[in-house]
Structure formats: structure tokens, C-alpha cells
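What follows is each chain in one-letter form.
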Amino acid sequence: MKAVTWHGKRDVRVESVPDPILKDPTDVIVRITSTGLCGSDLHLYEVMGPFIDAGDILGHEPMGVVEQVGADVTEVKPGDRVVIPFNVSCGTCFMCAQGLQSQCETTQVREHGSGAALFGYTKLYGQVPGGQAEYLRVPFGNTLPIKVPDGPPDDRFVFLSDVLPTAWQAVEYADAKDSLVVLGLGPIGDMATRIAQHRGVGTVIGVDLVPERMERARAHGVTVLNVRDSHLVDHIRELTGGRGPDAVVDAVGMEAHGAPVAKLAHQAMGLLPDAIAARFMTTAGVDRLHALRLAIEIVRRGGTISLSGVYGGMADPLPMLTLFDKQVQLRMGQANVWRWVPEILPLLTDEDPLGVDTFATHHMPLEEAPHAYEIFQKKQDNAIKVLLHP
């Protein structure tokens, strides 16, 4: 089969690799029809080389059609249309029963002290072959795949794999009543603004610097501000009763602009041998914390910061005095996909209240994945959300 494989910094290729096979009686094989390119994939594209091997298959936002099922699979059958969550979770352990599928005890990567395994995402998360491919082996066939109806296009459902539950959890954790600021209007931030509006948050403010992303959110009724505005904090307070917002969603994470020292640290990491770089990143790595520091500054006293953007540093300096003094709550973590599916799936109707049918900006054949990664990473050609089609 054809699959998108990693070969180094900013070097992904579409290659022929062996077809996946059933290994356990609860496995299924899915023929992929659509698979997303995620901002988290750019971490692999840029800085996570020490934890990934040449030839690893990328991607964690797939959907498709069941082709084969193991002997013990009873909940899906060949021909069923399914979305595959990015968490590899069993659905039956203690953590899964708590709605914490991202902490699944069956697939936790204990060797690295990590939570549940993820499709297509480094040794830290199990090095499981990903979904940017023609076929995907999916374990836990009775509990992991999300069955969806035939009929509507893939765009209606594919974002259940990551974007929708990640944005939903970000808004849920923020628990904003009257006002919410979303930092970063990429796919997760953009969808978080839509979910917040749908859930009745009165004032929703988006902050970014890419004109196309800002205009896209503005077209959905979001108040949009430029992060480079020298009076940004003052303007946000003016829009939120002088106090600041009830909550801030940081949908940027370590892709944040600013923080030149951390940027240099990331670049320097790429010059180190993998073994040394890996040890450094897991003990003393630093992130670009511009977005998080901004969130701490603008959130009102007693407010909440919800982190959906990925951070990876182990030695990040945080303004603990400010956090403590302002009595700020921090909530964060990988999205627990199945926890939110029952709430999201009923919204994926023909009325399309979240605008999923037109959410993708680009549809491209799998063979064009290297170009897709490049334009997404460089924010070119209005590439906000790319779907690849094997």
C-alpha cells in the first residue's frame, strides 16, 4: 500500500509499504477514505526527530470503511463506515471507564512514562503505524472505531477523529459562561470558537496573526484581534467588563510565535545526535511559552486556562506567583475522544451547526502529502485544514 512516511526534518514521503494484517482476534483493517493533517503532525515535521524512525507511518485523523475483522469482532463488520479516534484506547479499563481514554491503562507507554498510545505519533506514544495510508490496522475493534452513517461526505464525520473532540474538550474544560478568549485560530482554535458560540458563551474572542485565519473566524461572528496589537490586553479587557475573560483556551502550544530563546533551543536540538537530543527533551526541554504567558496575563482573576495546544518541555519556567495570586485554574491534556462522541455526534446533521462540511480548506490526494505538509507548515495558500484522500 501507499503511506506517508517520515524521513527527517521537513522530509515526508509517500512510499510503498507492506499492507497491515490482523494480529489479534479483536483487530480490524480499515480502508482509509479520508485522513487529516494535524498541527501536531508539524511537531514531527520540525522538532520530534529523536523519537521517530525513518519509515514510520504518520497520521492520526483517519476514517474509512472496514475491510477485514478479527475472529472476536462483533460490533463492526466489513462494509461499515468508521472514524478512528487518535487515542489507541481499549474502552474497558479503569481510565477508559472514567472517560479518560487518553490515559488508557491497557495502552499506556510505560517505557516512556506516557499516557495512551496514539496512532502515527513517535516512540513516546507507542510508535503505532498511522492513518495517512491506504489501509490501517485498528486494535480493539469492538470498542475503538466510531460507526457513522452512510450517505454524507467524509467531511461530515472525519473531524470526530481529533479536531471536534479536542476543541470540545478545550471548551468544556474552560467552562466559560460569559466570555472566552481563544488564542490561535488554526483548526482547533477555530472549531473551539464555533463550539463556544454553539454552547451559548456570550462573548467569544479569537486571537491570531494570520489574515486568512482571522477572516475565517470573523466570518463566523467571532470578535477577532491581532496578537501583534500593542494594546491587545487592554482591548480584551475592554470587551470583557474590564476584568478579562472568564477563560482562555490556548490552542497554540509549542508552535507559538515569540519566545526567541526557546525557538533557538528547538533549532539547536535538531543539530544534536538523536540519543542526546531525546534525553535533553525529556529532562530539560523548553517550550515557546508566549501564548501561555499571554493567557495568564489576560484571564480574569479566578478564571480558567484550558490548554489544548501541545507542550513538550520539561523545564518550562512558569510565573507561579501570578498564577497563585490570580487564583487561576489550569486544565489540560490530550483529548479523550470517546468521552465526547455522544455529545458531538448528534450535531453532525444536515443542519451542520458547527460548519464541518466546509471546514477543510484543502482536499488533496495522498500522493501530494509532502506538498500538503509544506504549505500547512508555512501557512501558505490559506492552508488551514488539509484532508488527504488515498
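Here, every reference points to the structure presented above.
Computed from a prediction, not measured in an experiment: that's the story for all the values here. (Residues numbered from 1 in each chain as written. Predicted model: local features only at pLDDT ≥ 70, side-chain atom pairs only at ≥ 80, totals over all residues. Heavy atoms only, no water.)

Q: Can you break down helix H9 (residues 290-298) residue by residue, with the values?
A: Taken residue by residue, H9 has Ala291, Leu292, Leu294, Ala295, Ile296 and Ile298 as its buried positions. Close packing links the buried residues of H9 with strand S10 (179-183), helix H6 (232-239), strand S13 (247-250), strand S14 (304-307) and helix H10 (320-325). (Buried < 20%, exposed > 50% of the residue type's maximum accessible area, 1.4 Å probe, protein only. Helix = DSSP H or I, 4+ residues; strand = E, 2+ residues; numbered from the N terminus. Contact = heavy atoms within 4.5 Å.)

Q: An account of the sheet that holds strand S15 (residues 329-332) is needed here, citing residue identities and associated values.
A: Across the sheet, six strands lie side by side as S12-S11-S10-S13-S14-S15; this open sheet has parallel pairing. One side of each edge strand has no neighbouring strand; the edge strands of this open sheet are strand S12 (223-226) and S15. Here the average twist between neighbouring strands, direction ignored, is 20°. Each of S10 and strand S11 (203-208) touches helix H4 (residues 187-198); the most contacted strand, S10, lies at about 170° to it. Together, S10, S13 and S14 form the strand contacts of H9, whose direction differs from that of S10 by roughly 165°. (Pairing = 2+ DSSP bridges. Axes fitted to C-alpha atoms, helices over the stretch in contact; angles between N-to-C directions.)

Q: Can you lay out the nonpolar core for me, pointing to particular residues and giving the numbers?
A: One broad rule of soluble globular proteins: the nonpolar side chains tend to lie buried together. Counting 72 residues, the largest nonpolar core has Leu58, Phe159, Leu160, Leu164, Leu180, Met191 and Tyr373 as the members making the most contacts within it. Among the elements that take part in this core, helix H3 (residues 163-174) stands out by supplying eight residues, more than any other. Look past the residues within four positions of Leu58 in its chain and what remains in contact with it is Val4, Trp6, Val12, Leu44, Ile52, Gly120, Gly130, Gly131, Gln132 and Tyr373. By size, the runner-up hydrophobic cluster in this structure holds 20 residues, among which are Val207, Ile236, Ala295 and Ile305. (Core = buried A, V, L, I, M, F, W, Y, C linked by side-chain atoms within 4.5 Å.)

Q: Before we move on, can you summarise the environment of Val207 with the specific residues and values?
A: If you trace the backbone, Val207 turns up in strand S11. Between the alpha carbons of Val207 and Asn226 there is a distance of 5.7 Å; along the sequence they are 19 residues apart. Beyond its immediate sequence surroundings of up to four residues, Val207 is in contact with Val181, Val182, Leu183, Gly184, Leu185, Leu225, Asn226, Val227, Leu232 and Ile236.

Q: Give a detailed account of the packing of aromatic side chains, specifying residues and quantitative values.
A: Within this structure, the stated rule accounts for three aromatic pairs. Between the aromatic rings of Tyr45 and Tyr373, the centroid separation amounts to 5.3 Å while the plane-to-plane angle is 40°, which identifies the pairing as tilted. With Tyr45 in helix H1 (residues 39-46) and Tyr373 in helix H12 (residues 369-377), the pair connects residues that are 328 residues apart, well separated along the chain. Just as Tyr45 is buried, Tyr373 falls in that class too. For the cation-ring pair, Arg216 lies above Phe359, with the distance from its terminal atom to the ring centre recorded as 4.6 Å. Between Arg331 and the ring centre of Tyr173, over which it is positioned, the NZ or CZ distance is 3.9 Å. (Phe/Tyr/Trp six-rings, centres within 6.5 Å; stacked < 30°, edge-to-face > 60°. Lys NZ or Arg CZ within 6 Å of the ring centre and 35° of its normal.)

Q: Residue-level account of H6, with values.
A: Residues Leu232, Val233 and Ile236 constitute the buried set of H6. What you see down the axis of H6 is that its buried residues fit within an arc of 100°, all on one side. Where H6 ends, the next residue or the one after it, Gly241, has phi of about 70°, a positive value. (Arc of directions from axis to C-beta.)

Q: Hey, could you go over the pairing of strand S8 (residues 135-138) for me, with residue numbers and the actual values?
A: Covered by surrounding structure in S8 are Leu136 and Val138 only, the residues Tyr135 and Arg137 on the alternate face being uncovered. Across four bridges, strand S3 (residues 28-37) lies against S8 in antiparallel orientation. Looking across to S8, one finds that Val28 is bridged to Val138.

Q: Go over the pattern of salt bridges with me, naming the residues and quoting the values.
A: Inspection of the entire model under this criterion finds 21 salt bridges. In this structure, the salt-bridge partner of Arg137 is Asp27, at a minimum N-O distance of 2.7 Å. Residue Arg137 is found in strand S8, and its partner Asp27 is found in the loop between strand S2 (12-16) and S3; the two are separated by 110 residues along the sequence. (Salt bridge = Lys/Arg side-chain N within 4 Å of Asp/Glu carboxyl O.)

Q: With reference to specific residues and values, describe the packing of H3 against helix H11 (residues 337-344).
A: At their nearest, the axes of H3 and H11 sit 9 Å apart, and the two run at 90° to each other. Judged on the interaxial angle alone, H11 and H3 are roughly perpendicular. Residues Leu164, Pro165, Trp168, Gln169, Glu172 and Tyr173 of H3 form the contact with H11, whose own contacting residues are Val337, Trp340, Glu343 and Ile344. Counted by class, the contact of H3 with H11 contains seven nonpolar, one polar and two charged residues. (Parallel < 35°, antiparallel > 145°, perpendicular 65-115°, else oblique. Nonpolar A, V, L, I, M, F, W, Y, C, P; charged D, E, K, R; others polar.)

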